[in-house]
2 protein chains.
Amino acid sequence: MRATVIHGERDVRLEEVPEPRLLAATDAIVRVVAACVCGSDLWPYRGVTPTHEPRRIGHEFVGVVEQLGDEVSTLSVGDFVIAPFYFCDNTCANCRNGVSTSCLHGGWWGADDRNGDFVDGAQGEKVRVPLADGTLVATPGMPDDSLVPSLLTLADVMGTGHHAAVSAGVTAGSTVAVVGDGAVGLCAVLASKRLGASRIVAMSRHADRQAIAREFGATDIVEERGDEGVERIKELFDGIGPDFVLECVGTKESMDQAIRSARPGGMVGYVGVPNGGPELPVRRLFNTNVGVNGGVASVRGYVEELLPEVLSGAINPGRVFDLQLPLSDVAEAYAAMDERRATKVLLRP
Amino acid sequence: MRATVIHGERDVRLEEVPEPRLLAATDAIVRVVAACVCGSDLWPYRGVTPTHEPRRIGHEFVGVVEQLGDEVSTLSVGDFVIAPFYFCDNTCANCRNGVSTSCLHGGWWGADDRNGDFVDGAQGEKVRVPLADGTLVATPGMPDDSLVPSLLTLADVMGTGHHAAVSAGVTAGSTVAVVGDGAVGLCAVLASKRLGASRIVAMSRHADRQAIAREFGATDIVEERGDEGVERIKELFDGIGPDFVLECVGTKESMDQAIRSARPGGMVGYVGVPNGGPELPVRRLFNTNVGVNGGVASVRGYVEELLPEVLSGAINPGRVFDLQLPLSDVAEAYAAMDERRATKVLLRP
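Residues numbered from 1 in each chain as written. Chains lettered and ligands numbered in written order. Predicted model: local features only at pLDDT ≥ 70, side-chain atom pairs only at ≥ 80, totals over all residues. Heavy atoms only, no water.

1. Focus: the packing of helix α5 (residues 157-168) of chain A against helix α6 (residues 183-194) of chain A
Residues and elements named next belong to chain A.
Reasoning step 1: One way to put it is that α5 packs onto α6 with a least axis distance of 7 Å and a crossing angle of 60 degrees. In terms of axis orientation, α5 runs oblique to α6. Here α5 and α6 pass one another in a crossing that is right-handed. Along its contact with α5, which presents Val157, Met158, Thr160, Gly161, His162 and Ala165, the element α6 presents Ala183, Val184, Cys187, Ala188, Leu190, Ala191, Ser192 and Arg194. (Axes fitted to C-alpha atoms, helices over the stretch in contact; angles between N-to-C directions. Helix = DSSP H or I, 4+ residues; strand = E, 2+ residues; numbered from the N terminus. Parallel < 35°, antiparallel > 145°, perpendicular 65-115°, else oblique. Left-handed = near helix turned anticlockwise from the far one by under 90°. Contact = heavy atoms within 4.5 Å.)

2. Remarks on the relation of the copies chain B and chain A
One copy of the chain maps onto the other through a rotation about an axis plus a displacement along that axis.
Reasoning step 1: For these two chains of identical sequence, chain B goes onto chain A by a turn of 180 degrees and a shift of 0.0 Å along the axis, with RMSD 0.0 Å. The transformation just described matches what one would write down for a two-fold rotation axis.
Reasoning step 2: Comparing interface residues between copies, 100% of those in chain B also lie at the interface in chain A; the contact surface is shared. (Least-squares fit on C-alpha atoms with pLDDT ≥ 70 in both.)

3. Some remarks on the side chain of A:Asp41
Reasoning step 1: In this fold, A:Asp41 is placed in the loop between β3 (28-36) and α1 (42-45).
Reasoning step 2: Buried charge without a salt bridge: A:Asp41, with A:Lys344 as the nearest opposite-charge side chain at an N-O distance of 6.6 Å. (Buried < 20%, exposed > 50% of the residue type's maximum accessible area, 1.4 Å probe, protein only. Lys, Arg positive; Asp, Glu negative; His and termini not counted. Salt bridge = Lys/Arg side-chain N within 4 Å of Asp/Glu carboxyl O.)

4. Quick word on the domain arrangement of chain A
Residues and elements named next belong to chain A.
Reasoning step 1: Structurally, chain A comprises domain 1 (2-156 + 298-348) and domain 2 (157-294).
Reasoning step 2: For domain 1 and domain 2, the distance between their C-alpha centroids amounts to 26 Å.
Reasoning step 3: Both sides of the domain 1 and domain 2 interface together cover about 1,900 Å² of buried area, and 59% of this is carbon and sulfur.
Reasoning step 4: Here Glu305 ties to Arg194 by a salt bridge, and the two come within 3.3 Å at their closest N and O atoms.
Reasoning step 5: Inspection of the domain 1/domain 2 interface yields 10 residue pairs in polar contact (both at pLDDT 80 or more).
Reasoning step 6: A total of three residues in the side of domain 1 that touches domain 2 trace back to one element, the largest contributor, which is helix α11 (residues 303-312).
Reasoning step 7: For the side of domain 1 that touches domain 2, the class distribution of residues is 12 nonpolar, five polar and seven charged. (Domains from an automatic or database assignment. Buried area = accessible area lost by both parts, 1.4 Å probe. Polar contact = N/O pair within 3.5 Å; in protein donor to acceptor, adjacent residues only side chain to side chain. Nonpolar A, V, L, I, M, F, W, Y, C, P; charged D, E, K, R; others polar.)

Below, the structure written as structure tokens:
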């Protein structure tokens with residue numbers, strides 16, 4: 001089969017790789033219907049995190065079950081399934097605590113599982129899925145093709161935006177600012193709206209992303225950044241700032257923006273993968289009682305809550321995809337996101 | 001009148017200072033019945049934070065109202081009152097949000113108020129209290145003298161321990177570890193017990209403090225620190241750690257201990273004044289979904305909740321005082337705490 005391999009800075013290639021096969025009785029083989037490129041894939045693509053040797057890449061996919069190990073009990077061949085950006089048993093102590101990204105038996109696409117067997121990356125034609133009962137969620141019946149983009153967001157960006165909002169503690173009637181207008185930031189706006197936030201500020205300088213943010217529920221747009229951005233946001237909320245700020249980027253600047261924008265006693269929900277730092281300024285947090293909560297999003301646990309709203313069309317997070325390409329154009333998909341010609345690219349094998 | 005002045009490292013003196021008088025219509029003059037020395041007073045005492053010129057010190061007191069400005073409406077001369085470790089109007093947007101330590105019109109004992117007028121420190125015979133209606137809470141009638149230590153803890157340590165537990169989100173049935181066996185740490189144990197925690201680990205190496213921790217509700221004691229301490233605590237909770245860890249010290253070591261001890265998805269509630277740092281390790285927090293929440297404790301807002309339990313004897317946080325001295329022995333009070341001969345010293349003018 002064909003799958004995407006990253007060789008180094010700005011060098012991703014679709015290559016012939018071994019067909020996956022069932023290795024454990026809890027495995028499934030899934031034929032990928034759609035995958036995509038994540039903002040975090042751009043760190044190795046840009047060389048910010050080095051690629052020491054060629055490796056498989058991609059961690060978001062939906063697909064159809066082709067084969068099942070003998071012990072898989074909740075799925076059938078032919079099921080359309082959503083895979084989170086990691087695999088997990090969904091039964092261990094950490095999974096039960098809602099932190100399936102810390103599953104005691106889980107792992108990551110494109111790396112070895114706990115048995116030492118390689119697990120495929122998602123930007124390919126097929127994937128061997130360990131712990132299939134825990135990892136995969138089947139839709140009721142085969143969804144209409146038009147729903148595929150929104151279903152795919154449940155693998156990562158919609159669940160991650162939701163995690164930012166849940167980690168911050170967004171509640172009905174609360175006020176929110178979102179730092180970051182990428183796919184996750186836009187989904188964090190949508191998640192805040194779902195949770196009943198009464199006012200949602202999207203920080204964005206791009207007209208097309210502002211439009212989606214408005215569609216997703218943003219009531220205000222702030223284009224300024226840094227000191228000016230903090231001042232503008234505080235102004236919008238009695239001079240003290242919103243209850244919650246959702247950090248969806250992962251740079252030092254974006255985290256500072258988030259921490260400084262929250263009102264005293266407010267909470268920052270953060271999901272941007274910290275890019276080599278920074279450390280958090282504890283003294284500022286202490287003085288203002290601003291808390292920080294979040295991390296690598298346990299999206300598996302959110303699928304059951306969000307899926308019905310995607311299927312009914314109540315939410316349409318798939319709007320964050322502004323480019324669809326065949327998998328054979330994966331190099332162009334990375335380039336388009338790297339050069340900011342696209343917010344998020346969907347790939348069809 | 002006499003009040004405590006810090007001149008420099010290990011140099012506190014009781015000195016004759018001007019008698020306070022009403023300066024604003026919202027002021028009260030309170031005669032101090034009891035004050036005490038705080039762990040955070042030891043930073044300047046030890047020279048860790050420098051004292052550039054002699055200044056008044058002390059921020060915890062209870063007393064009796066002697067004079068009231070014309071606009072004070074909720075208090076009467078002769079009332080026994082509890083003062084938080086700061087003054088606040090208790091009506092501004094931040095106070096309404098429960099963050100009275102960020103009061104838009106408040107300030108600190110031993111420093112200037114917003115009118116530029118000096119406000120007395122608490123380790124003295126009398127204190128001018130700005131914003132008296134917001135700051136002070138009167139007890140119903142004159143409390144028995146035996147209740148004075150517990151009432152005094154509502155000025156800081158009991159409210160601060162409670163803030164750690166509330167900031168972490170301690171709920172009925174949850175599991176807690178407390179880092180720090182000073183007065184605040186012990187009160188954090190008591191606060192966790194009040195809030196219904198099912199298991200509470202106190203980290204302590206001192207038999208006398210362990211005994212109070214047990215009395216306050218600790219179910220387990222861990223004497224180890226560092227890697228060993230983390231391991232011991234994780235062992236006690238299925239190998240993954242407790243839901244909540246309360247950091248009540250303020251050093252890099254104690255914060256690391258707290259962050260590393262919490263289970264994935266857990267929360268650190270912290271109230272130890274960060275002593276010149278450290279910054280928080282965001283990557284570890286991100287990977288484990290451990291959140292950090294807390295800061296300078298808004299104890300004013302907790303007095304109404306905790307006071308009835310102190311008056312009824314349901315809780316007895318005054319047990320943290322293991323030495324009582326006359327105010328004239330204030331230098332000995334600091335020395336006893338500095339040399340760890342006392343956990344917390346109560347001073348009677």
